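The chain contents come next:
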Amino acid sequence: MTDLAALSPIDVLFHQLKANPEEAEQLLDDPDVVEWIADAPWFGGLARPDQTPPDGDWFIWALVAGRGSGKTRAGSEWVLHKARTDPDPERFRCALIGPTLRDSRNVVVEGDSGLLSVLPPSMLVNGSVEDTWKRSMGEMRLANGAYFEIHASESPDRLRGPQWSCAWADEIAAFVDAPLGLQDSGKSGKGTTISNLLLACRLGNNPQVLMTSTPRPNALMRQLLDPEALDKYGIDIRVSRASTFANARNLAPQFMKQVVGLYSGGGRLGRQELYGELIELTGDVFDVSKLALVDGIQPGRVWRARVWDLAATEVSEGNSDPDWTVGALISLNEQTRRWRIEDIVRVRMRPGERDDLIYDTAIDDAARFGTDLRYIVEQEPGSGGKAQVEQ
């Protein structure tokens, strides 16, 4: 049973409409009720400051927060507010983007806090979800004419053609091309999900983009959270932060007690997933968060080598964590002078099995790249190491 005392006034109305559908038509014919709905406060007056759009003339609002903190509800309320208040709703177009199409459909639109969950009956075409949301096409048209379309980071080129009045990109840290950042630095020439999106936000007088996410260490998150972003990238980015605990009263007590209790002790995962902190991944040699993901092998004239660091041990009762044998295929483009790691083979095997794998890998590499590929094998000290390399 729903506790109406815990709901905002506008949520009470919507709950009553759902519970008493025979009264819905009469209520929605009342111009005073319709006006009250249209002018209702943001989130029914219950939004936290971090869930409220920033003041000022911003272009990107980055809501970076822990799991369950209310990011999705804030995104749904924001795009609905933009659709309601647009002076020309018939021309209003909004992109809804998740890491995958499944995410865009099942979370951003149909999820418990997705766009459908906050739509009042007055905004549904014919009062019907089916007439409003064309699931198979990934399109939504509201009663006032506002249009929404889902996209995914898996297909960034699909964002090249359309143009948008606003956009909501959810869980951007999990986007396929998030390691390439806001603009890809010209590396691929194809553009990213975010660069294609920003270039398409050009409709109306005030196009804006909301990006919601729990952070992960990659170029996109780092740039969005950079306090000097305006000077570096020329885009006004406003950032809101929140933790899981900010929304504790709306989360299951068992979740707060068991799961949150497990990860809230200050470890890396808890700081990232609960507190919404950006935790850098820095090793002894590389800061892997500064390495960009690329598509496929390098084109053009390229120098390549497969470099092996050998070990000869497999997991056993006496050695549960032995060294790894690693073979890295690296390449250097002779024109751009860019290095890439194009492939990694990483195993823990006995000597005979390991040597067979190295041989098989060499055959596969030669089939792909020809015999110009160099093989570099670390030589262990002594005659045994020399014989191993010769073999």
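Residues numbered from 1 in each chain as written. Predicted model: local features only at pLDDT ≥ 70, side-chain atom pairs only at ≥ 80, totals over all residues. Heavy atoms only, no water.

Engineer: Explain the overall build of the protein to me, and be specific about the residues and the numbers.
Structural biologist: What the protein contains, in helices and strands, is 14 helices and 12 strands. For the protein, with 391 residues in total, the buried portion stands at 43%. The long-range fraction of contacts in the protein, counting pairs at least 24 apart against all pairs at least 6 apart in sequence, stands at 66%. Just so you have it, the protein exposes about 21300 Å², and 50% of that area is on carbon and sulfur atoms. (Helix = DSSP H or I, 4+ residues; strand = E, 2+ residues; numbered from the N terminus. Buried < 20%, exposed > 50% of the residue type's maximum accessible area, 1.4 Å probe, protein only. Contact = heavy atoms within 4.5 Å. Areas by Shrake-Rupley, 256 points an atom, 1.4 Å probe, with all protein chains shown as cover.)

Engineer: Please set out a nonpolar patch on the surface residue by residue, giving values where relevant.
Structural biologist: A cluster of nonpolar residues, V259, L262, Y263 and L269, forms a patch on the protein surface that exposes about 370 Å² of accessible area. Among the elements that line the nonpolar patch, the one with the most residues is helix α11 (residues 253–263), at three residues. (Patch = residues over 30% accessible without salt bridge, like charges linked within 9 Å, V, L, I, M, F, W, Y side chains within 5 Å. Salt bridge = Lys/Arg side-chain N within 4 Å of Asp/Glu carboxyl O.)

Engineer: Can you break down the side chain of S240 residue by residue, with the values?
Structural biologist: Among the structural elements, S240 can be located in strand β8 (residues 237–242). Setting aside residues up to four positions removed in sequence, S240 forms contacts with D50, W61, A62, L63 and V64.

Engineer: Requested: an account of the packing of aromatic side chains, with residues and values cited.
Structural biologist: Tallying each qualifying case throughout the model produces five aromatic pairs. Each ring, one from W58 and one from W61, has its centre 6.2 Å from the other, and the planes form 65°; the classification is edge-to-face. By the burial criterion, W58 is buried, and W61 matches it. With a centroid separation of 5.8 Å and an interplanar angle of 65°, the aromatic rings of F92 and F148 are classed as edge-to-face. Here F148 lies in strand β5 (residues 147–152) and F92 lies in the loop between α4 (71–85) and β2 (93–98), a separation of 56 residues in the sequence. On the accessibility criterion, F92 (1% relative accessible area) is buried. An aromatic cluster is present here, built from W58, W61 and W78 joined pairwise through their rings. In this arrangement the basic side chain of R346 is found over the ring face of W324, its NZ or CZ atom lying 3.7 Å from the centre. (Phe/Tyr/Trp six-rings, centres within 6.5 Å; stacked < 30°, edge-to-face > 60°. Lys NZ or Arg CZ within 6 Å of the ring centre and 35° of its normal.)

Engineer: Can you break down the side chain of D226 residue by residue, with the values?
Structural biologist: Among the structural elements, D226 can be located in the loop between α9 (219–224) and α10 (229–233). Residue D226 is classed as buried on the basis of its relative accessible area, which comes to 15%.

Engineer: Pulling in residues and values, what's your account of the sheet that holds strand β10 (residues 325–333)?
Structural biologist: Read from one edge of the open sheet, four strands run β11-β10-β9-β12, paired in mixed fashion. In the strand order of this sheet, the two ends are held by β11 (339–347) and β12 (374–377), each with one partner. Across this sheet, the average inter-strand angle for adjacent strands is 20°, counted without regard to direction. Note that strand β9 (residues 302–309) and β12 share four bridges and pair parallel. Of the residues in β12, the one forming a bridge with R306 is Y375. In this fold helix α13 (residues 351–369) packs onto β9, β10, β11 and β12, with an angle of close to 175° to the strand it touches most, β9. (Pairing = 2+ DSSP bridges. Axes fitted to C-alpha atoms, helices over the stretch in contact; angles between N-to-C directions.)

Engineer: Give a description of the environment of A242 that names residues and reports values.
Structural biologist: You can see A242 is positioned in strand β8. Relative accessible area serves as the criterion here: at 11%, A242 is assigned to the buried category. Excluding anything up to four places from it in sequence, A242 contacts R48, D50, V64, A65, G66 and Y275.

Engineer: Please set out the pairing of β9 residue by residue, giving values where relevant.
Structural biologist: Relative to β10, β9 runs antiparallel, the two being bridged by eight bridges. Within β10, the position partnered with W303 by the bridge is L332.

Engineer: So what's going on with the confidence of the model for the protein? Residues and values would help.
Structural biologist: Residues at a pLDDT of 70 or more form 80% of the protein, whose mean pLDDT is 83. Low confidence marks residues 4–10, where pLDDT is under 50. Its contacts with residues over four positions away, or in another chain, come to 16 contacts. (pLDDT = per-residue confidence, 0-100.)

Engineer: Pulling in residues and values, what's your account of the sheet that holds strand β3 (residues 133–134)?
Structural biologist: Read across the open sheet, the eight strands follow the order β3-β4-β5-β2-β6-β7-β1-β8; overall the sheet is mixed. Single-partner strands in this sheet number two, and they are β3 and β8. Inspection of the sheet shows strand β4 (residues 139–141) paired to β5 by three bridges, in the antiparallel sense. If you follow M140 over to β5, its bridge partner there is F148. The strands that helix α5 (residues 101–109) touches are β2, β3, β4, β5 and β6 (166–170); relative to β5, the one it contacts most, it runs at about 135°.

Engineer: Now, about the nonpolar core: what can you tell me, with residues and values included?
Structural biologist: Residues I60, I172, L197, L198, V209, M211 and L224 are the most contacted members of the largest nonpolar core, which totals 29 residues. Contributions of two or more residues to this core are made by β1 (60–65), β2, β6, α8 (193–200), β7 (208–213) and α9. Counting residues per element, this core draws most heavily on α8, which supplies four residues. Not counting residues within four places of it along the chain, the set of residues in contact with L197 comprises A95, I97, L159, W164, A167 and V209. (Core = buried A, V, L, I, M, F, W, Y, C linked by side-chain atoms within 4.5 Å.)

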